[in-house]
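# Examination of the molecular architecture
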Amino acid sequence: MAQNINRRVQTLDEFTIQQVRDFPHATGELGRLLRDIGLASKRVNVEVNKAGLVDILGDAGSINVQGEDVKKLDVFANNQFIGVLRHGISCAGIGSEENDDIVIFDDEISNNSKYVLLMDPLDGSGNIDVNVSIGTIFSIYRRVSELGQPCKLEDFLQPGNRQVAAGYIIYGSSTMLVYATRRGVNGFTLDPSIGEFTLSHPEIQCPKNGKIYSVNHGNFHQYNEGTRSYIHTCQRKNRNNGGPYTQRYIGSMVADVHRNLIKGGIFMYPGTTDKPKGKLRLLYECNPLAFIAEVAGGKATNGEISILDLQPTELHERSPFFIGSIEMMDELERHLAQG
Ligand code: AHM
Ligand code: MG
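Residues numbered from 1 in each chain as written. Chains lettered and ligands numbered in written order. Predicted model: local features only at pLDDT ≥ 70, side-chain atom pairs only at ≥ 80, totals over all residues. Heavy atoms only, no water.

## Considerations on the environment of Ile102
Turning to its location among the elements, Ile102 is positioned in the loop between strand S3 (93-96) and strand S4 (103-104). Through-space distance from the C-alpha of Ile102 to that of Val295 is 27 Å; in sequence the pair is 193 residues apart. Contact partners of Ile102, with chain neighbours within four places excluded, come to Ile94, Gly95, Lys152, Leu153, Phe156 and Leu315. (Helix = DSSP H or I, 4+ residues; strand = E, 2+ residues; numbered from the N terminus. Contact = heavy atoms within 4.5 Å.)

## A short note on the nonpolar core
By size, the foremost hydrophobic cluster in this structure holds 36 residues, and its most contacted members are Ile37, Ile94, Leu117, Phe138 and Ile140. Those elements that place two or more of their residues in this core are helix H1 (12-22), helix H2 (29-49), helix H3 (72-87), strand S5 (115-123), strand S6 (134-142), strand S7 (163-171), strand S8 (175-181) and strand S9 (184-191). Of all the elements, H2 adds the most residues to this core, at seven residues. Residue contacts for Ile140: discarding those within four places in its chain leaves Leu30, Leu33, Leu34, Ile37, Tyr115, Val116, Leu117, Gln163, Val164 and Ala165. (Core = buried A, V, L, I, M, F, W, Y, C linked by side-chain atoms within 4.5 Å. Buried < 20%, exposed > 50% of the residue type's maximum accessible area, 1.4 Å probe, protein only.)

## Observations regarding the site of ligand 1
The environment of ligand 1 is formed by 17 residues, the closest being Asp123, Gly124, Tyr249, Met253 and Tyr269. Within the contact set of ligand 1, an oxygen atom lies 2.8 Å away from a side-chain nitrogen or oxygen of Asn216. One of the side-chain N or O atoms of Tyr249 is found 2.5 Å from an oxygen atom in ligand 1. Protein chains shield 85% of the accessible area of ligand 1, which is 470 Å² for the free molecule. Mapped by element, the contributors of at least two residues to the shell around ligand 1 are S5 and strand S13 (266-269). Classifying every residue of the shell around ligand 1 by side-chain character gives five nonpolar, five polar and seven charged. Formed jointly, the shell around ligand 1 draws a minimum of three residues from each of two domains, domain 1 (12-201) and domain 2 (212-338). (Near = heavy atom within 4 Å. Polar contact = N/O pair within 3.5 Å; in protein donor to acceptor, adjacent residues only side chain to side chain. Areas by Shrake-Rupley, 256 points an atom, 1.4 Å probe, with all protein chains shown as cover. Nonpolar A, V, L, I, M, F, W, Y, C, P; charged D, E, K, R; others polar. Domains from an automatic or database assignment.)

Rendered as structure tokens:
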């Protein structure tokens, strides 16, 4: 079969180099950091793909700082990202869902790196054992502490609106890396034949409206009045909003949010009567996805204010989370205000 050899595919590296060229004052450090993230995620991808074949499924027998079981792949992913970033030259330290405290890369090169990274190395880990999409989420900040010194906790406790870049990797039917800077959101699909992420979804824009809502219905009776009222609206025939909507909830937030970003939709993880702050972590789950959504023209709040305006006080704090297409978010907010 004849192949179109003229087709121009841009790899993640080529893309980030191009971005640096467009900005004469850029040092290329962010591009190197993104390349390191791409490398670590390719290693994780290899393990995810053979998870059913080797003895890597199941619990690692320990419990993470959130009091949840740690799966073996979580540990593997965490170690891969920390290992690659520690040996790279563009990251001063990381904060991870899997580590109680920040990990400071205290060596001469890392102490002179201007970025720190927060991550959930393997989100949706409850889905590992059943072959459902899982993901990595990351958030990058310019540090506020003095260069030349080890990074500090204050570098990580910055509001989301100070993120320099944020992204996620989905290990799904294909593996994709999506990342945002203030200049835009771009998606790269891993081409297994060359082992490179290639630009497949340039300049992603979140549709203003959608027909999908994603929420854990099992908790419905624990949500507040406003949230329940909005969910009822999603389920009704409505000429204004195109309802009833379709309900889709994978239980892997990266996959749920990615689908809604591409197709239009809303994802909610509200607080419940048992857990008023919900389940999701502000710094490495909500903030990065909120940044991506807002750069793409969507919106993300905690039900009251923009996620990106919250001032974090703890590394592992949680927040209610609502994210999606702008018009659906506006409608949700009207219900929350009345509730
Ligand atoms: P995890 O970090 O332990 O994997 O938990 C986060 C995940 C999200 O991906 C997903 O949206 C949510 O937990 C599902 O939680 P629930 O089963 O309570 O609906
Ligand atoms: Mg998670």
